[in-house]
Amino acid sequence: MKEVNESMFSDTIAAISTAVGEGGIAIIRVSGPDAVQEVERIFNSKNKLTQVASHTVHYGHIVDPETRENLEEVLVTVMRAPRSFTTEDVVEISAHGGVISVKRVMDLLLQLNIRLAEPGEFTKRAFLNGRIDLSQAEGVIDLIRSKSDRAFSVALKQVEGSLSRKINELRHILVETLAHIEVNIDYPEHDVESLTSAFIREKSKLVMDEIDKLLKTAQEGKILREGITTAIVGRPNVGKSSLLNTLAQDNRAIVTDIPGTTRDVIEEFVTINNIPLKLLDTAGIRETMDVVEQIGVERSKHAVSEADLILLVLNASEPLHQDELELMEQIRGRQCIVIMNKMDLPSQLDLDILHRYYPDELIVPMSVKAEEGIDRLEEAISNLFFSGQIEGGDLTYVSNVRHIALLKKSKQSLQDAYDAAEQFIPIDMIQIDVRLAWEQLSEILGEAVGDSLIDQIFSQFCLGK
Amino acid sequence: MSYMGGTYDVIVVGAGHAGCEAALASARMGAETLMVTINLDMVAFMPCNPSIGGPAKGHVVREIDALGGEMGRNIDKTFIQMRMLNTGKGPAVHALRAQADKFLYQHTMKEMLEKEDKLTLRQGMVDEIIVEDGVCVGIVTQTGAEYRAKAVVLTTGTYLRGKIIMGELTYESGPNNQQPSVKLAQNLRELGFDLVRFKTGTPPRVHKDTIDFSKTEIQPGDEHPKFFSYETKSSDNEQLPCWLTYTSIDTHQIINDNLHRAPMFSGIIEGTGPRYCPSIEDKIVRFADKPKHQIFLEPEGKDTKEYYVQGLSTSMPEDVQIKMLRSIPGLEKVEMMRNGYAIEYDAMVPTQLWPSLETKKLPGLFTAGQINGTSGYEEAAAQGIMAGINAARKVQNKEMVVLDRSQGYIGVLIDDLVTKGTNEPYRLLTSRAEYRLLLRHDNADLRLTEIGHDIGLISEERYAKFVLKKQLVEQEIERLRQAKVKPVEINPMLEAAGSAPIVDGSNLLTILRRPEVTFAMVDAFSPSPYDLDEDMREQVEIQIKYAGYIEKQLGHVEKLQKMEKKRIPEDIVYDGINGLAMEARQKLNKIRPISIGQASRIAGVTPADISILLVYLEHYNRVTAAKG
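Since this is a predicted model, take the numbers as computed values, not measurements.

1. Observations concerning the overall build of chain A
Part 1 of the reasoning: Within chain A, the regular secondary structure consists of 14 helices and 13 strands.
Part 2 of the reasoning: Contacts in chain A between residues at least 24 apart in sequence constitute 69% of all its contacts with a sequence separation of at least 6.
Part 3 of the reasoning: Of the roughly 20500 Å² of accessible surface on chain A, 50% is carried by carbon and sulfur atoms.

And the structure:
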């Protein structure tokens, strides 16, 4: 069998393999049969990557292949198959860790013949290619599951609101056009008007222009939106909002407002020790009214599900409440810092119970009112971050990169369709590119296209025997 | 009292389009085969339109032929019109469609069945499946005959608890007033199979002499007809035209005035009808703003005056049908010979099948055709041949033959059925295929003859011809690749073709890629040294011209096939795999996919679930390998 020595995967994947911060180094890892040759296309250096020896490091710049402009100063490591983590050809790009620079490099990579890795995919490949020991199979499965679930909730969050509405509009234009093409093909004698290449050009152009507009807004200052999503949770009146305000006061970052998004939680963007955080106060001001308490709880749950980091605020002057125990149970295993607020009052908390869930360094006594203990909280956050334990931050950020890559690919497919239509290529071949564009847009929304084209054909046209 | 009727290798129940292919394939592969059918006069009967082929369906007929099936050869002998459709579009969607002499079609097929060595025909109503130790071992007929076999193929069409509906009138019946099969439906339920109720319909037939053809448009056949079978080289069949007319405002008025009598709307019909072939009353309600609908008048044979009224499928009461017909231009004085009707029937939920078409619940029992929730003669025949092949192979202890989605429309059809199931009678469409450009009408032989030969349905003689064709096509493509041309030599030809002149040297293969240039032009410029027939020339041209698109799709296919080759062991316990999402676990338990590829196409199974499954399988395989 051929497969013994050869990876079973024919595509090349990339992901950021360190947490995204504003300091330090970020590593982007690329793995797969085309890793070396594809990275070479955007790497400017004395050495050609395709010719260098395995396990060597090279200094150079990432360049925009179109403008040949140097974008980032990087170190690139080449590890050839099978002596790499995945047993495939692997290239690691070390860049200055700023969000902007990592994002630029990823943007370029995803426009090459490289796709964004699925959650846990490097580890999966390592395992399936025989690199990881059998005993770790269970661990690999857990990793894929937990990362996928998180990625899923992040992806959903990302395409709420105006973006998904717009993309749905464009998908609709394309699926109507596709249905029309399909009817022409499958019902050639039916009295449906034949689609002309002029019509296909017109529709492709329309959608391409709209994608361009989306891409423009996507490039404009969304960086801070991509911080580590941090949910502040707790029972009413434990001091969540005060904590948010205190952190925001001291650390307020430049907030980029994204028009068109509605928020049902209060968000603040802050940087703590250069780490970008997006703080979510889950219940907000209205929680003082009893009726709304229920809603507050629901929101907390939602925020918790999408957060990379949870700040659980407890009132130290009261014993642990049943709700709090349930909450701790619910978020077990997630990155969490417990804040014992109101330490200026006599303590009623049972520390033994807390210690069952959290080690000492993750329990921070504070008095938000007296502004005591903030330093310890900031320290706890940076410790978690720099030890690499918070790793979700790049998920939000990366799924944004993914959208941009898919938008660009979709636009390219439409350009191919447009060009083909100009050359009078048969309609069923042009269809291939239009369909690809439609699938790429659907992928942004995480939707499988399934039978929706066939449904569209039969709702749009009257066919029968 | 029952008696022992006989022992066979394979029993085929039913003699429609699925049954005929199943029985012939099985017998030709050397299995002693019994075919039992309710009425031997109904062999290969066309209860609805007298035509075969069209987009996707015509492709399937060619695939059946490449596998050694009969439908293509039979229609080539009995057509009364042949047309190539979609000629203005790309080669992948060119589609042959024939009007059949439906009576001749039946007789010719019956003759073929009768002369097949290992095939026994028997008229009889099958009431029961015999099950021993959880395995299907035979059947019992109404008359008490018990037949034993190692494999049974059910091809019951619309006969299972069939019920005809027309206006207020309903009665138990198979198609065209045949006896329905009631006890067998009951028996299948008792055996634990999930059955659904589907519905289909057919339009009225009218007398030719009462049609005023002057008010209609003529639709002749092609002057130089092509054929379905790769073996048919010529034909002297005389062609008859079809005729096109339209419904009128009056037709729509008559239907609207009588909607309260339409079983579709009065609630008499409970079965799910297909969206792609709605009745005329359905069309008028759902697309109320469409002022007229096409009606094709099609002869049912050369020795009959009956004409099929395509586009007017209906279950309206008989008196309304007559009024509707007479409101159509050209049919003002028409005599209706048979009324249209709707028919409801029981069908199996097809996700109960393996991709081999064997039922998961009852080893040895296969089902094919309309019983699996499809519609159409071609779809039925496709399943028939596959079920026949696999039934015979089961008897011979050979591996099941399963076509994947990149090998043929047959693969697409069966994979859709067994992986996704269907909520309505399933019809093939070219848009159901991901790799439409590879599943062309012209290359069905290149895709499937090898398999047909391997399983023993393609003769050595035919196979040798096929190998020669393949070789000559490859050699000619290579010759054109090597043929260097200078601008001075080729530019006059390019100019004549309205194509831009070349500046540097090139080769003929590159020249032929240009949209304006045809193979004939290149061949005139530099005649091929090989003896190429029309098929081969066409093949060379298509493979060169569309190479870019074809290669793109081949890239996808490579990925698909890797996943198809990752087999899932039959004894896998999904409940024992931690990490699979609940929904995925339920779906996988139900479908029990044979490969990772199939698993990935199940709705509700996410890419993460597939990753987890892959990791689990790797673990499983390594552990199994370690145990030796």
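2. A look at the overall build of chain B
Part 1 of the reasoning: Looking only at helices and strands, one finds 21 helices and 24 strands in chain B.
Part 2 of the reasoning: On C-alpha atoms alone, chain B measures out to a radius of gyration of 26 Å, which is about the 25 Å that the 2.2 N^0.38 rule sets for 628 residues.
Part 3 of the reasoning: The dimensions of chain B, computed from C-alpha atoms along their principal axes, are 85 × 80 × 50 Å.
Part 4 of the reasoning: Buried positions account for 63% of the 628 residues belonging to chain B.
Part 5 of the reasoning: Element-wise, carbon and sulfur atoms account for 50% of the exposed surface of chain B, whose accessible area totals about 24300 Å².
Part 6 of the reasoning: Separation of charge centres in chain B, based on 75 positive and 84 negative side chains, amounts to 3 Å.

3. Describing the sheet that holds strand 4 (residues 56-63) of chain A
Residues and elements named next belong to chain A.
Part 1 of the reasoning: Strand order across the open sheet formed by 7 strands is 3-4-5-6-2-1-7, with mixed pairing between neighbours. Whereas interior strands pair on both sides, the edge strands pair on one side only; in this sheet they are strand 3 (43-44) and strand 7 (115-116).
Part 2 of the reasoning: Inspection of the sheet shows strand 4 paired to strand 5 (residues 70-79) by 8 bridges, in the antiparallel sense. Looking across to strand 5, one finds that Thr56 is bridged to Val78.
Part 3 of the reasoning: Along the sheet, helix 3 (residues 121-128) makes contact with strand 1 (13-16), strand 2 (25-31) and strand 7, crossing strand 1 at roughly 130°.

4. Some points on the pattern of salt bridges
Part 1 of the reasoning: In this structure the tally under the stated criterion is 65 salt bridges over all chains.
Part 2 of the reasoning: The partner of Arg125(A) in a salt bridge is Glu121(A), and the shortest N-O contact between them spans 3.6 Å. Of this pair, Arg125(A) and Glu121(A) both sit in helix 3, 4 residues apart, which is roughly one turn of that helix.
Part 3 of the reasoning: Salt bridges here are not isolated pairs; linked through shared partners, they connect Arg28(B), Asp65(B), Glu70(B), Arg73(B), Glu116(B), Glu231(B) and Arg462(B).

5. A short note on the domain arrangement of chain B
Part 1 of the reasoning: Domain boundaries in chain B define domain 1 (205-342), domain 2 (460-552) and domain 3 (566-626).
Part 2 of the reasoning: The C-alpha centroid of domain 3 of chain B is placed 49 Å from the C-alpha centroid of domain 1 of chain B.

6. Remarks on the UniProt feature "binding site: FAD" (unreviewed entry) in chain B
Residue and element names in this part refer to chain B.
Part 1 of the reasoning: Under the UniProt annotation, the feature "binding site: FAD" (unreviewed entry) is placed at Gly14, Ala15, Gly16, His17, Ala18, Gly19, Val126, Ser181 and Gln370.
Part 2 of the reasoning: On the basis of relative accessible area, His17 is assigned to the buried category, the value being 8%.
Part 3 of the reasoning: If we skip the residues at most four places from it in the chain, His17 touches Ala44, Phe45, Met46, Met71, Tyr105, Tyr377, Ala380 and Ala381.
Part 4 of the reasoning: Within the structure, His17 has its side chain in polar contact with the backbone oxygen of Phe45 (distance 2.9 Å).
Part 5 of the reasoning: As for its position among the elements, Ser181 is in the loop between strand 13 (169-172) and helix 5 (183-190).
Part 6 of the reasoning: Dropping the residues within four chain positions of it, Ser181 is found in contact with Ile38, Met125, Val126, Tyr159, Leu160 and Arg161.

7. Digging into helix 21 (residues 607-627) of chain B
Part 1 of the reasoning: Between the first and last C-alpha of helix 21 of chain B there are 30 Å, a value that for 21 residues agrees with the 30 Å anticipated at 1.5 Å per step.
Part 2 of the reasoning: For helix 21 of chain B, every residue scored as buried is listed here: Ala608(B), Asp609(B), Ile610(B), Ser611(B), Ile612(B), Leu613(B), Leu614(B), Val615(B), Tyr616(B), Leu617(B) and Glu618(B).

8. A closer look at the confidence of the model for chain A
Residues and elements named next belong to chain A.
Part 1 of the reasoning: Per-residue confidence for chain A gives a mean pLDDT of 78; residues scoring 70 or more make up 76%.
Part 2 of the reasoning: Scored below 50 in pLDDT, residues 1-5 makes 1 contact in the model with residues more than four places away or belonging to other chains.
Part 3 of the reasoning: In this model residues 284-293 is a low-confidence stretch, pLDDT under 50, and it forms 10 contacts with partners more than four residues away in sequence or in other chains.

9. Considerations on the interface of chain B and chain A
Part 1 of the reasoning: In this complex, chain B contributes 65 residues to the contact, which on the side of chain A involves 54 residues.
Part 2 of the reasoning: Counting the surface lost from both chain B and chain A, the interface buries some 5000 Å², and carbon and sulfur atoms represent 59% of this.
Part 3 of the reasoning: Summed over the shared surface of chain B and chain A, the result is 6 salt bridges.
Part 4 of the reasoning: Residue Asp11(A) pairs with Lys559(B) through a salt bridge whose shortest N-O separation is 3.9 Å.

10. What to know about the packing of aromatic side chains
Residues and elements named next belong to chain B.
Part 1 of the reasoning: Tallied over the entire structure, the rule returns 7 aromatic pairs over all chains.
Part 2 of the reasoning: With 5.8 Å between their ring centres and 55° between their planes, Phe213 and Tyr307 make a pair best called tilted. Taken together, the residues span a long stretch of sequence, with Phe213 in the loop between strand 15 (205-207) and strand 16 (217-219) and Tyr307 in strand 19 (residues 306-310) at a distance of 94 residues.
Part 3 of the reasoning: When the centroid spacing of 6.4 Å and the interplanar angle of 35° are considered together, the rings of Tyr616 and Tyr620 count as tilted. Taken together, the positions of Tyr616 and Tyr620, both in helix 21 and 4 residues apart, correspond to about one turn of that helix.
Part 4 of the reasoning: Residue Tyr616 is classed as buried on the basis of its relative accessible area, which comes to 19%.
Part 5 of the reasoning: Among the aromatic side chains, those forming a connected cluster through ring pairs are Phe213, Trp243 and Tyr307.

11. Quick look at unusual backbone geometry
Part 1 of the reasoning: Omega for the bond connecting Ala81(A) with Pro82(A) falls within 30 degrees of zero, at -5°, which places this linkage in the cis form.
Part 2 of the reasoning: Along the chain, the position of Pro82(A) falls in the loop between strand 5 and strand 6 (90-96).
Part 3 of the reasoning: A positive phi is found at Ala44(B), a non-glycine position, where the angle reads about 55°.
Part 4 of the reasoning: Note that Ala44(B) resides in the loop between strand 3 (33-37) and strand 4 (51-53).
Part 5 of the reasoning: Unlike most non-glycine residues, Asn86(B) shows phi in positive territory, near 65°.
Part 6 of the reasoning: Position of Asn86(B) among the secondary structure elements: in the loop between strand 5 (79-85) and strand 6 (95-100).
Part 7 of the reasoning: Overall, the relative accessible area of 6% leaves Asn86(B) in the buried class.

Calculation rules
Residues numbered from 1 in each chain as written. Chains lettered and ligands numbered in written order. Predicted model: local features only at pLDDT ≥ 70, side-chain atom pairs only at ≥ 80, totals over all residues. Heavy atoms only, no water. Helix = DSSP H or I, 4+ residues; strand = E, 2+ residues; numbered from the N terminus. Contact = heavy atoms within 4.5 Å. Areas by Shrake-Rupley, 256 points an atom, 1.4 Å probe, with all protein chains shown as cover. Rg over C-alpha atoms; globule rule 2.2 N^0.38 Å. Buried < 20%, exposed > 50% of the residue type's maximum accessible area, 1.4 Å probe, protein only. Lys, Arg positive; Asp, Glu negative; His and termini not counted. Charge placed at Lys NZ, Arg CZ, Asp CG, Glu CD. Pairing = 2+ DSSP bridges. Axes fitted to C-alpha atoms, helices over the stretch in contact; angles between N-to-C directions. Salt bridge = Lys/Arg side-chain N within 4 Å of Asp/Glu carboxyl O. Domains from an automatic or database assignment. UniProt positions renumbered as here; feature names shortened; annotations may be inferred. Polar contact = N/O pair within 3.5 Å; in protein donor to acceptor, adjacent residues only side chain to side chain. Expected span 1.5 Å × (residues − 1). pLDDT = per-residue confidence, 0-100. Buried area = accessible area lost by both parts, 1.4 Å probe. Phe/Tyr/Trp six-rings, centres within 6.5 Å; stacked < 30°, edge-to-face > 60°.

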